[in-house]
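Commentary on secondary and tertiary structure
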Amino acid sequence: MLKLVKYLPSHGVTPAVLTVENPSVPIHDESLQRDIPQFTEILRAPTFEPSYTAKRLAWTAAAEAAPGFLARGKKQLVKLGRKLLVPDPQVLWLPRAGLALGARLASAKADDVVFISGPPFSQFLLAALGRLRPRTAVVLDYRDEWTTTQGVYEMGGSARGSAWLERAILRSAHAVTTATEAFRSELLARFEFLDPSHVLAIPNGYDPDDFPAPLPSPRPDRFVLTYVGTVFRLTSARGLLDAVRLLHAREPELAKLLEVRFIGRIVETETSYFEDTAALGVQRLGYLEHAEALAALARSHAVLCLLDDLPGASRIYPAKIFEIMYLGRPCLALTPEGALADLVRHHALGEVIHPRDPEAICAALTRRLRSFRDAGAPALDAAATQAVGIERFHRQRLAGEFARGFRAAADAARAADTQPARVEPTAFVK
């Protein structure tokens with residue numbers, strides 16, 4: 001969304017932003033504000049969502065294996081919260097967000113398009129409010145799948161309550177955008193009333209402005225493998241960490257050349273897999289500002305992309321893959337077969353291995369370390385790779401695709417406003 005705010009004006013679209021005033025989030029990166037054009041209008045509405053500290057305590061309680069009445073009571077409270085907060089905890093933003101959007105649409109500043117991106121998917125509920133103003137188009141954007149997030153994200157909400165809600169909300173959209181073609185196909189298969197011409201697949205991408213110039217080089221004395229992003233259930237590193245343990249057990253001298261860096265947040269439910277790995281060359285560096293994280297990737301001989309084998313994962317691209325693509329460092333993609341594996345192979349980004357196959361991962365690490373040890377200084381030159389056909393993923397180009405989609409949706413909304421009312425519940429999307 002930040003990159004759309006940056007690049008939409010170059011395509012003749014003026015964005016205004018409605019966001020949360022007091023976000024319940026674990027990380028703030030003030031450096032990202034430099035991408036916001038100077039005169040962008042930003043509206044902020046407060047949320048009633050609990051603080052992030054409170055949510056973290058709830059997740060920890062839900063993950064506890066301790067016996068006893070108190071532990072069971074905590075888990076039951078967390079389950080109750082998931083059932084009540086449909087589709088996710090961010091639904092507590094909607095009362096004030098709805099007031100802000102309603103006031104906007106009733107004013108002289110009413111917009112041509114209301115564009116709502118998820119997750120969180122609770123804000124899709126604002127679509128009904130957007131439809132109250134004739135000639136304003138509503139566009140819903142899936143950066144992840146609603147159905148997938150219920151099972152893999154922290155406090156994902158009630159899947160049962162979300163199923164009928166998603167169907168009802170989609171009926172109010174003039175257009176839908178998805179992050180992958182696989183998302184698009186899955187939506188069209190589940191919701192027969194959607195018009196395929198109004199459902200567009202527009203991926204995430206990269207912004208060359210984010211990268212340092214010139215790119216820093218990897219260190220010559222150790223082979224550095226880096227992961228940037230959040231480690232949670234969907235991006236679990238357990239297969240990789242088991243492979244590192246195998247490597248140290250089988251070839252301890254070779255393993256000493258390996259340094260694995262994790263940059264970003266590791267959620268509480270995944271930290272146990274990292275126990276005792278510091279002695280194996282695994283570093284947890286925490287969150288770094290975006291530019292620092294990309295510089296750290298550039299100082300690596302290879303980069304990691306993680307996607308665990310979970311329901312729906314075959315349709316997902318982690319957004320970081322596109323920055324890896326532009327960076328030009330060999331990618332070790334630990335992923336099941338599907339959209340990400342196809343992307344890595346199609347654009348010659350690196351090697352694909354199943355995320356739960358420590359033996360195969362260990363073998364791949366062994367090959368890379370032997371090559372690094374035997375090649376010496378020339379191995380630094382091999383740290384660069386030539387990705388194929390990546391121009392399509394430039395953020396500015398993608399913003400142009402969104403701009404064309406917005407104009408088509410706005411035309412559809414204006415056309416619908418000039419036609420006689422129809423009774424079919426699918427008329428809005430056909």
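Here, every reference points to the structure presented above.
Notes on the structure follow. (Residues numbered from 1 in each chain as written. Predicted model: local features only at pLDDT ≥ 70, side-chain atom pairs only at ≥ 80, totals over all residues. Heavy atoms only, no water.)

1. Side note on the packing of helix H9 (residues 238–250) against helix H14 (residues 358–375)
Relative orientation of the contacting elements H9 and H14 amounts to 60°, with a least axis distance of 8 Å. When the axes of H9 and H14 are compared, the pair comes out oblique. The element H9 and its partner H14 pack so that their crossing is right-handed. From H9, Gly239, Leu240, Asp242, Ala243, Val244, Leu246, Leu247 and Arg250 reach across to H14, where they touch Pro358, Glu359, Ile361, Cys362, Leu365, Thr366 and Leu369. (Axes fitted to C-alpha atoms, helices over the stretch in contact; angles between N-to-C directions. Helix = DSSP H or I, 4+ residues; strand = E, 2+ residues; numbered from the N terminus. Parallel < 35°, antiparallel > 145°, perpendicular 65-115°, else oblique. Left-handed = near helix turned anticlockwise from the far one by under 90°. Contact = heavy atoms within 4.5 Å.)

2. Some points on the sheet that holds strand E4 (residues 137–142)
Read across the sheet, four strands follow the order E3-E4-E5-E6 without closing on themselves; strand pairing throughout is parallel. Because the sheet does not close on itself, it has two edges, and the strands there are strand E3 (113–118) and strand E6 (199–201). Neighbouring strand axes in the sheet, compared pairwise and without regard to direction, differ in orientation by 20° on average. Here strand E5 (residues 175–178) pairs with E6 via three bridges, running parallel. (Pairing = 2+ DSSP bridges.)

3. Description of empty space enclosed by the protein
Inspection of the entire model under this criterion finds four cavities of 30 Å³ or more. The computed volume of the largest cavity comes to approximately 50 Å³. Along the walls of the largest cavity sit Ser236, Ala237, Arg238, Gly239, Leu240, Leu306, Asp308, Leu334, Pro355 and Arg356, which together make up its complete lining. Among the elements that line the lining of the largest cavity, the one with the most residues is H9, at three residues. For the lining of the largest cavity, the residue count by class is five nonpolar, two polar and three charged. (1 Å grid on protein atoms, 1.4 Å probe; cavity = no way out; pocket = protein on both sides within 12 Å on 5 of 7 lines; lining within 4 Å. Points joined across faces, edges and corners; volume = space filled by probe spheres on them. Nonpolar A, V, L, I, M, F, W, Y, C, P; charged D, E, K, R; others polar.)

4. Concerning helix H4 (residues 94–105)
A rise of 1.5 Å per residue sets the reference length of H4, with its twelve residues, at 16 Å; its end C-alpha atoms lie 16 Å apart and thus fit the reference within 8%. Considered for burial, the residues of H4 that qualify are Leu94, Ala97, Gly98, Leu101, Arg104 and Leu105. The arc enclosing the buried residues of H4, seen along the axis, measures out at 125°, which places them on a common side. Turned more than 90 degrees off the buried face of H4, the exposed positions are Leu99 and Ala103. (Expected span 1.5 Å × (residues − 1). Buried < 20%, exposed > 50% of the residue type's maximum accessible area, 1.4 Å probe, protein only. Arc of directions from axis to C-beta.)

5. Quick word on the environment of Glu192
Note that Glu192 resides in the loop between helix H8 (181–190) and E6. Residue classification places Glu192 among the exposed positions, given a relative accessible area of 53%. At a separation of 3.4 Å, a polar atom in the side chain of Glu192 contacts the side chain of Arg167. (Polar contact = N/O pair within 3.5 Å; in protein donor to acceptor, adjacent residues only side chain to side chain.)

6. So, the packing of helix H12 (residues 320–327) against helix H13 (residues 339–346)
The angle between the axes and the distance between the axes are what describe a pair of packed helices. Across the interface, H12 lies against H13 with an axial gap of 12 Å and an inter-helix angle of 10°. Looking at the two axes, H12 sits roughly parallel to H13. Where H12 approaches H13, its residues Ile321, Phe322 and Met325 are matched on the opposing element by Leu340, Leu343 and Val344.

7. Details of the environment of Pro15
Examined against the element boundaries, Pro15 turns out to sit in the loop between helix H1 (2–7) and strand E1 (16–20). In sequence terms Pro15 and Val113 are 98 residues apart; their C-alpha atoms lie 9.5 Å from each other.

8. Some points on the side chain of Ser236
Considering the arrangement of structural elements, one finds Ser236 in the loop between strand E7 (223–228) and H9. In terms of polar contacts, Ser236 uses its side chain to reach the side chain of Arg238, at 2.8 Å. Residues in contact with Ser236, not counting those within four places in the same chain, are Val231, Glu270, Leu306 and Asp308.

9. A closer look at the sheet that holds strand E9 (residues 282–286)
Strand-to-strand pairing in sheets goes through backbone hydrogen bonds, with the strands running parallel or antiparallel. Ordered by their spatial adjacency, six strands build an open sheet running E9-E8-E7-E10-E11-E12, and the pairing between neighbours is parallel. Taken across any chain shown, the strands that pair with only one partner, and hence form the sheet edges, are E9 and strand E12 (350–353). Ignoring which end each strand starts from, the neighbouring axes of this sheet average 20° apart. As paired elements, E7 and strand E10 (residues 302–306) share two bridges and run parallel to each other. Paired with Leu225 across the bridge in E10 is Ala302. Along the sheet, H9 contacts E7, strand E8 (258–263), E9, E10 and strand E11 (331–334); its crossing angle with E8, the most-contacted strand, is approximately 160°. Strands E7, E8, E10, E11 and E12 of the sheet are contacted by H14, whose axis makes an angle of about 155° with E12.

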